Structures are given as C-alpha cells and as structure tokens.
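# Descriptive analysis of the structure
Now for the letters of each chain:
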Amino acid sequence: EPDATVEAIRAALAEFGGPDEYARRLCREMRAQGASGDTAGMDHGLAEPRGTFLGMPYDLKAPTPRNLESRIWNPHDPRIFTPRLVGLGWSINLAALAVKAGFIRPDDEDEPFAFVPEQALWAALFVPIVMCGAVVIASALSWNSLPDQLPVHWGLDGRPDSFSSAAVALWPLIGFAVVPTGYAIWTFVAGRSKAARAVTVASATMFTVISAGIVTAVLAEASSVILGWGWPWVMLACALGIPFLMLYALSRIGHRREVRRDLERQNDETTTKGRRS
C-alpha cells in the first residue's frame, strides 16, 4: 500500500521467505493447482517424468517447443536437473542455474522472452545456422581425402579408441547438427511464440556445438593432429555455456523492455490522474 510503514513492508517480505523458499512454495502451489485441474496461470508448469527406472526419470514426450521450455529454461522450477524430454536421465534447467547464481529472479518476466525484439531472436538463430553450415562444409570439403577408418569414440585421455568408416563417423554428426537447426528454423517460419523460438534456438546451438566439436576432432585425427585430453571438456563447456549466455542475454533484453513498458504505463496513468485532478 502507498501508506505502508517500514515495519509492515518487512513483515510482508518475511512471509515470502528467501528466494529458494519462495520458489519451493510457488512450485508446491503449482503442483496443487495441476492436481485439482486448475491450470489458470500455469504457463510454465513443472516438468514431471512419465516414470522412473532404477531411480532415474524417463519420458517419451515429443520435443515440442513448450516441452523444451519446461526443461531448458523454466525459472519457476528451482530444480537444476529436470527429467530428460526423450529418454532416460536428466536435462539441465539453465534458468534454475541463473536464478541460483543471482543473475535473474523467477518472477522477472510475466512471460519469458515475450518482450525480446525480433532482431535479437533472428541474431540468435544465426549462431546454429553458421555452425551447422560449418559442419556440413568442412565434412564435404574433406570427404574425398579422408582415410578409410575414422574415430567414433574417445577415451578419458581424449585419444580415439574405436574406429569406423567415414559414413558411420560423419553422417550421424551432420544429422546431429542439421535436424535441430532445421527444427529451430521451422519455429520461425511457423510463427511460434518468442519463448518457443528462443529455447529451440538454444537447443539447436547446444547440438551444433557438440557436432562441431566432434567433427573437428574427427578431421584433426584424420590429419594426424592430436588435440589432447582437454578437448571433450572444452566442447561440453561450450555446449552448455553458449546456450546459457544466449538465453540469459535474451532474457535480460526482454526484462528491460518489459520494465520500460511498465514504467511508461505508470507515467501515463500518473499524467492522466493529474489532468483529471
């Protein structure tokens, strides 16, 4: 209230508790609403698995943009590890990492990415497209000069320990980049929501980074270049770090635009009330 005292404000804040406690209470309330059939306002429900096997969650849901969002960027879910969308195991909720690191708050945006400008989303899509193109072009240019056997598996020391033909080694990696990138492009062509486009672009970026990293290792081995034990860890760090930075940057852009809109509304309302008085 405008005339609330400092003591009243502190008492109200104390009821919410810390950020973690507030998130837990919010999630419990969302679960209760879902169980009772009241789904109003549950645009970012919690990702729940179909079941568990040997203590690990499993699910076979189709990789729709909404399901991707609930796993990859769901600031309302305090869990860092969420059930994998397809298969057995866990995915990483990058938004939960951002919340726990203090970069964002669960309620920073009414709807994540809703106020991100179109130019920023298209710029983000440019990242997986370029990386996917690099994978395809590098594979095509070197195809005729490749040896009969290429590495398909590496040990903990970063050295290859299993080999196969060029088709077996490279074609799955090309598909690993092309399919997610094509899916991300489709979300733009189909006019999906900004949140859907943001998470599918980030997901495509993750896959293309992994594909590009492994293709680089394969072609390096074919040229007798030893990358060393650290390259898989660098690849994994980039596969998580680049999508995280991408989604965080888009989230901050959207948050600033949303705050600016709210301030403009408040100023307009204040001006209108002043004129009436």
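Cut-off values and rules
Residues numbered from 1 in each chain as written. Predicted model: local features only at pLDDT ≥ 70, side-chain atom pairs only at ≥ 80, totals over all residues. Heavy atoms only, no water. Patch = residues over 30% accessible without salt bridge, like charges linked within 9 Å, V, L, I, M, F, W, Y side chains within 5 Å. Areas by Shrake-Rupley, 256 points an atom, 1.4 Å probe, with all protein chains shown as cover. Salt bridge = Lys/Arg side-chain N within 4 Å of Asp/Glu carboxyl O. Helix = DSSP H or I, 4+ residues; strand = E, 2+ residues; numbered from the N terminus. Core = buried A, V, L, I, M, F, W, Y, C linked by side-chain atoms within 4.5 Å. Buried < 20%, exposed > 50% of the residue type's maximum accessible area, 1.4 Å probe, protein only. Contact = heavy atoms within 4.5 Å. Pairing = 2+ DSSP bridges. Expected span 1.5 Å × (residues − 1).

### A few points about a nonpolar patch on the surface
The grouping of Phe 53, Leu 54, Tyr 58 and Leu 88 at the surface amounts to a nonpolar patch, some 420 Å² of accessible area in total. Position of Leu 54 among the secondary structure elements: in the loop between β1 (51-53) and β2 (56-60).

### A closer look at the nonpolar core
The biggest cluster of nonpolar side chains holds 27 residues, and the ones touching the most others in it are Trp 73, Phe 113, Val 201, Leu 247 and Leu 250. Elements with a contribution of two residues or more to this core: α3 (65-72), α4 (94-100), α5 (118-142), α6 (166-189), α7 (194-222) and α8 (231-276). Those residues in contact with Trp 73 that lie beyond four places of it in its chain are Leu 68, Asn 93, Leu 94, Ala 95, Ala 98, Ile 104, Pro 112, Phe 113, Val 199, Leu 247, Tyr 248 and Ser 251. Counting 20 residues, the second largest nonpolar core, distinct from the first, contains Val 135, Leu 146, Trp 154 and Leu 173.

### Some details on the pairing of β2
Residues of β2 alternate between two faces, with Pro 57 and Asp 59 buried on one and Met 56, Tyr 58 and Leu 60 left unburied on the opposite face. As paired strands, β1 and β2 are joined by three bridges and run antiparallel to one another. Note on β2: the bridge partner recorded for Phe 53 is Met 56. When β2 meets strand β4 (residues 86-88), the two strands line up antiparallel, connected through three bridges. Its bridge partner lying in β4, Asp 59 is registered against Gly 87.

### Brief notes about α7
Relative to the 42 Å expected for 29 residues at 1.5 Å per residue, α7 spans 41 Å between its end C-alpha atoms, a close match to the ideal helical length. Ser 224 sits one or two residues past α7 and shows a positive phi near 65°.

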